[in-house]
Amino acid sequence: MKQDDCIAKLLVDGYNMIGAWPLLVQRKQQDGFDAARRELIEILANYSARKGLDTHLVFDAHGVQSPSVQEVVTDRLSVHYTNFGQTADTYIEKVCAQLMHQSRRNHRIIVATSDRVHQLTVTGYGAEWMSARQLESDIHLIHQQSLRRRPRRPQPASRSLMSGLNQEAQEKLMRLRFGHRG
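What counts, and at which threshold
Residues numbered from 1 in each chain as written. Predicted model: local features only at pLDDT ≥ 70, side-chain atom pairs only at ≥ 80, totals over all residues. Heavy atoms only, no water. Buried < 20%, exposed > 50% of the residue type's maximum accessible area, 1.4 Å probe, protein only. Helix = DSSP H or I, 4+ residues; strand = E, 2+ residues; numbered from the N terminus. Pairing = 2+ DSSP bridges. Expected span 1.5 Å × (residues − 1). Contact = heavy atoms within 4.5 Å. Right-handed = clockwise from strand over helix to strand, strands pointing away. 1 Å grid on protein atoms, 1.4 Å probe; cavity = no way out; pocket = protein on both sides within 12 Å on 5 of 7 lines; lining within 4 Å. Points joined across faces, edges and corners; volume = space filled by probe spheres on them. Nonpolar A, V, L, I, M, F, W, Y, C, P; charged D, E, K, R; others polar. Axes fitted to C-alpha atoms, helices over the stretch in contact; angles between N-to-C directions. Parallel < 35°, antiparallel > 145°, perpendicular 65-115°, else oblique. Left-handed = near helix turned anticlockwise from the far one by under 90°. Salt bridge = Lys/Arg side-chain N within 4 Å of Asp/Glu carboxyl O.

What exactly am I supposed to notice about the pairing of strand 1 (residues 7–13) here?
Where a strand is regular, its side chains alternate between the two sheet faces. Counted residue by residue, strand 1 has six buried out of seven residues, so it is predominantly covered. Where strand 1 lies against strand 5 (residues 107–112), six bridges are found, and the strand directions are parallel. From the neighbouring strand, Ile7 faces strand 5, where its bridge partner is His107. When strand 1 meets strand 2 (residues 54–59), the two strands line up parallel, connected through five bridges. Of the residues in strand 2, the one forming a bridge with Lys9 is Asp54.

The structure is reproduced here in structure tokens:
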């Protein structure tokens, strides 16, 4: 089975990305966690669509006493808010363990986090690991590639015959148009 035929699942520790990416750090400082979360969601929606990844963005309950919630953003991106007291790390580890017990031949699991202990744990489950900076860099690369592939818009050609003529020819045509021969 080729790598393209397998299901690629990207699990992202959301607050880890917000704390590591300068763009999101700045957004959080200026506009708060909600704005940083929204921006990360938008970035990952575009990235997941371009890469063809089944992405799960995971946020800790962050002190909110509420049950876990899952929001489907696109067919490629869902956002998971953990139960109160559950960390994003434990949620991601649980998903890795579940997928490890399923048929691994058609699953590719990638975990994005810069937490060293968490890296070791998820690679023990057979997942691939990428740091927050690596993910940020890959997102930037994919964005640049998409800009290069976009066809350039041709400059609109003037539909007027007159615009292609020099000034003298334009004047002669104008005189002929109004019946002046001279």
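So what exactly am I meant to see when it comes to helix 4 (residues 88–101) here?
The end-to-end C-alpha distance of helix 4, which contains 14 residues, comes to 20 Å, matching closely the 20 Å that a straight helix rising 1.5 Å per residue would cover. Among all positions in helix 4, only Ala88, Asp89, Tyr91, Ile92, Val95, Cys96, Ala97 and Leu99 are buried. Contacts made by the buried residues of helix 4 are with strand 1, strand 2, strand 4 (77–81), strand 5 and helix 5 (116–124).

When you look at the pairing of strand 5 in this model, what are you seeing that I'm missing?
A large share of strand 5 lies buried, amounting to five of its six residues. Both strand 5 and strand 6 (residues 128–130) contribute to a ladder of three bridges, which runs parallel. Residue pairing in the sheet places Ala112 in a bridge with Met130 of strand 6. Note that the unit made of strand 5, helix 5 and strand 6 has a crossover that is right-handed.

Could you clarify how one ought to interpret the layout of surface pockets in this entry?
The gaps of empty space that remain are located by a probe, the size of a water molecule, rolled over the atoms. Roughly 280 Å³ of internal volume is contained in the largest pocket. Around the largest pocket sit Trp21, Leu23, Glu42, Ile43, Asn46, Tyr47, Arg50, Glu136, Ile139, His140, Ile142 and His143, which together line it. Listing elements by their share of the lining of the largest pocket, those giving two or more residues are helix 3 (33–51) and helix 6 (132–149). Grouping the amino acids of the lining of the largest pocket by side-chain chemistry returns six nonpolar, three polar and three charged.

Explanation requested: the packing of helix 3 against helix 6 in the structure shown.
One way to put it is that helix 3 packs onto helix 6 with a least axis distance of 10 Å and a crossing angle of 65°. Between helix 3 and helix 6, the angle falls in the class roughly perpendicular. Note on packing geometry: the crossing formed by helix 3 with helix 6 is left-handed. Touching Ile43, Leu44, Tyr47, Arg50 and Lys51 of helix 3 are Leu135, Asp138, Ile139, Ile142, His143 and Ser146, all from helix 6. Residue composition of the contact of helix 3 with helix 6, grouped by class: six nonpolar, two polar and three charged.

Please clarify how helix 6 should be interpreted in this entry.
Helix length check: helix 6 (18 residues) gives 26 Å between terminal C-alpha atoms against 26 Å at 1.5 Å per residue, within 8%. Where helix 6 is buried, its residues meet strand 1, helix 1 (14–20), helix 3, strand 5 and strand 6.

Honestly, the pattern of salt bridges in this entry has me stumped. Any pointers?
Note on pairing: side chains with opposite charge can pair once their charged atoms come close. Using the criterion set out here, one finds six salt bridges in the structure. A salt bridge links Glu39 to Arg27; the nearest nitrogen and oxygen atoms lie 2.5 Å apart. Of this pair, Glu39 sits in helix 3 while Arg27 sits in helix 2 (residues 22–31), placing them 12 residues apart in sequence. Classification of Glu39 by relative accessible area gives buried; the value is 18%. For Asp138, the salt bridge goes to Lys51, with nearest N and O atoms at 3.4 Å. Of this pair, Asp138 sits in helix 6 while Lys51 is found in helix 3, placing the two residues 87 residues apart along the sequence. Each of Arg27, Asp31 and Glu39 takes part in one network of salt bridges that share partners.

Would you take a moment to explain the sheet that holds strand 2 for this structure?
Within a sheet, each strand pairs with its neighbour through backbone hydrogen bonds, oriented either parallel or antiparallel. Pairing is mixed in the open sheet, where six strands are placed in the order 3-4-2-1-5-6. Each edge of the open sheet is held by one strand with a lone partner, namely strand 3 (69–72) and strand 6. Mean inter-strand twist for the sheet, computed between neighbouring axes without regard to direction, equals 20°. As defined by bridge partners, strand 2 adjoins strand 4 across five bridges and the pair is classed as parallel. Bridging across to strand 4, Val58 finds its partner in His80.

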